[in-house]
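# Working through the structure, step by step
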Amino acid sequence: MKRYTVETAAEGTTKYFYIMDGETLDIALLPSKYLKHKIKANLSPNTVKRYAFSICCYLEYLAEKGLDFQAVCGMGYEEQSSHFTQFLYWLKEGCHTEKKKTGDADNGTCNAYLKDVFGFYLFMSECGYAPSLRVLSYSQITVPNAAGVKRTLRCRSFGGYMKAEERNVRAASEEEIIATLQACTNSRDQLLLLLIAETGFRIGEILGVDYTRDIDYEKHTIGVYFREDNENDARAKNAEYRKAKISEDAFEFLMGYLAEYRELLQHQSYLFINVSGDTAGQPLKVDSVYAMLERAAEKTGTELTPHMLRRYFAVTRWNAGWPLELISQALGHKHLDTTIKYLGILDDKLLEASREFYEKHSVNYGIGKMP
């Protein structure tokens, strides 16, 4: 691969091109090429949007510093480490936002943006468009264990990430759900909140439900299916499939909703649609849901989010005695650790479980006979 520079019409500017296997590639097109790669990997539209936002922020940062990708790749380890650490602080100070307000992004969000940028650099490296970043090279050490057996430990060498704060999202209470349901102005919004609370589905998943295919009207179950062509960009995460059963009351409410908006619903197949205005009959989008919840919060004084409803689902099922693995599967989590964080059981529940264990099992290891 060869790199070429070409002076552009604009004074003092330069364009960079790569010649690789006979293909000419403008370096400015690399971000788009990377995002197309992510789309082909079946990532959700929201995830791809986040990657695009992260890279746009980084491009803005590079422009402020007068740098390009190649210049960064050519830096030494310490300089690279400083470059990306300063990018984190640039994000933390809100330089990527319209208001330029410090604290608009928490530490975890800043770290996530940087990880997205690192993913882009890895993509360029693996495709041969740029050398590997030194801060992403593996450091490797060999250590013996207690038995003297040696093993090799490998880890990423970049250590500049900010300490992430704990995500402070609590479960909604039943009282908050009832208050918000009463503040809703139509049965569509009420049904949406009811179904999230009873299924634990993500907002993008519930908005992608096709009432002609995804609902079993005999068994009273609703399914989440992976689709790439949803008009409202809603889809199942991780290309997964799940089913959830709803209560008799919720099912009767669902049937009432279908009857009430039959004329609008019959011209398409989405369960949740706009029910008024010029867009009546079109699929409901995520932004409209959050706007509805904000209006309800102004009436009730209680802020409710789809994520709080998912946590409500998880906590109520845990308190009802559902196994952790079953709750994790219902939520669509890949890892049990995520479900444990949802439930917040590592403190009070763990201590309570330990107390009950010691009450039932008298294991003292012969402590009373110790000198």
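Check the entry above for the structure.
Right, let's walk through the structure included here. What you see is a predicted model; the values in this text were computed from it and never measured.

When we look at burial in helix α1 (residues 30–40), the residues that qualify are Leu30, Pro31, Tyr34, Leu35 and Lys38. The arc that holds the buried residues of α1, viewed along the axis, is 135 degrees, so those residues lie on one side. Those residues of α1 that are exposed and aimed more than 90 degrees away from the buried face are Lys36 and Lys40.

Residues Leu192, Ile206, Tyr257, Leu271 and Phe272 are the most contacted members of the largest nonpolar core, which totals 41 residues. The set of elements that each furnish at least two residues to this core consists of α6 (174–183), α7 (187–199), α8 (203–207), β7 (221–224), α9 (248–260), α11 (286–300) and α12 (306–319). Of the residues forming this core, the biggest block, six residues, is contributed by α7. Contact partners of Tyr257, with chain neighbours within four places excluded, come to Ser187, Arg188, Leu191, Leu265, Leu271, Phe272 and Ile273.

Two elements in contact, helix α2 (residues 45–65) and helix α5 (residues 107–126), have axes separated by 9 Å at closest approach and are oriented at 85 degrees. Between α2 and α5, the angle falls in the class roughly perpendicular. Each of Arg50, Tyr51, Phe53, Ser54, Ile55 and Tyr58 in α2 lies in contact with α5, whose residues at this interface are Tyr113, Asp116, Val117, Phe120 and Tyr121. Each residue belonging to the contact of α2 with α5 can be placed in one class, and the counts come to eight nonpolar, one polar and two charged.

Here three strands make up an open sheet; going across it, the order is β6-β7-β8 and the pairing antiparallel. Every interior strand has two partners, whereas the edge strands, β6 (215–216) and β8 (242–245), have only one. Both β6 and β7 contribute to a ladder of two bridges, which runs antiparallel. The residue bridging Asp216 from the neighbouring strand is Thr221, located in β7.

Under the definition given, this model contains 21 aromatic pairs. With a centroid separation of 5.2 Å and 80 degrees between ring planes, the pair formed by Tyr58 and Phe87 is classed as edge-to-face. With a gap of 29 residues between them, Tyr58 in helix α2 and Phe87 in helix α4 (residues 77–92) connect regions that are remote in the sequence. Taking the relative accessible area as the measure of exposure, Tyr58 reaches 1% and is therefore buried. A residue is classified by how much of its surface remains accessible, and Phe87, at 0% relative accessible area, is buried.

Here is what the cut-offs are and how they apply
Residues numbered from 1 in each chain as written. Predicted model: local features only at pLDDT ≥ 70, side-chain atom pairs only at ≥ 80, totals over all residues. Heavy atoms only, no water. Buried < 20%, exposed > 50% of the residue type's maximum accessible area, 1.4 Å probe, protein only. Helix = DSSP H or I, 4+ residues; strand = E, 2+ residues; numbered from the N terminus. Arc of directions from axis to C-beta. Core = buried A, V, L, I, M, F, W, Y, C linked by side-chain atoms within 4.5 Å. Contact = heavy atoms within 4.5 Å. Axes fitted to C-alpha atoms, helices over the stretch in contact; angles between N-to-C directions. Parallel < 35°, antiparallel > 145°, perpendicular 65-115°, else oblique. Nonpolar A, V, L, I, M, F, W, Y, C, P; charged D, E, K, R; others polar. Pairing = 2+ DSSP bridges. Phe/Tyr/Trp six-rings, centres within 6.5 Å; stacked < 30°, edge-to-face > 60°.

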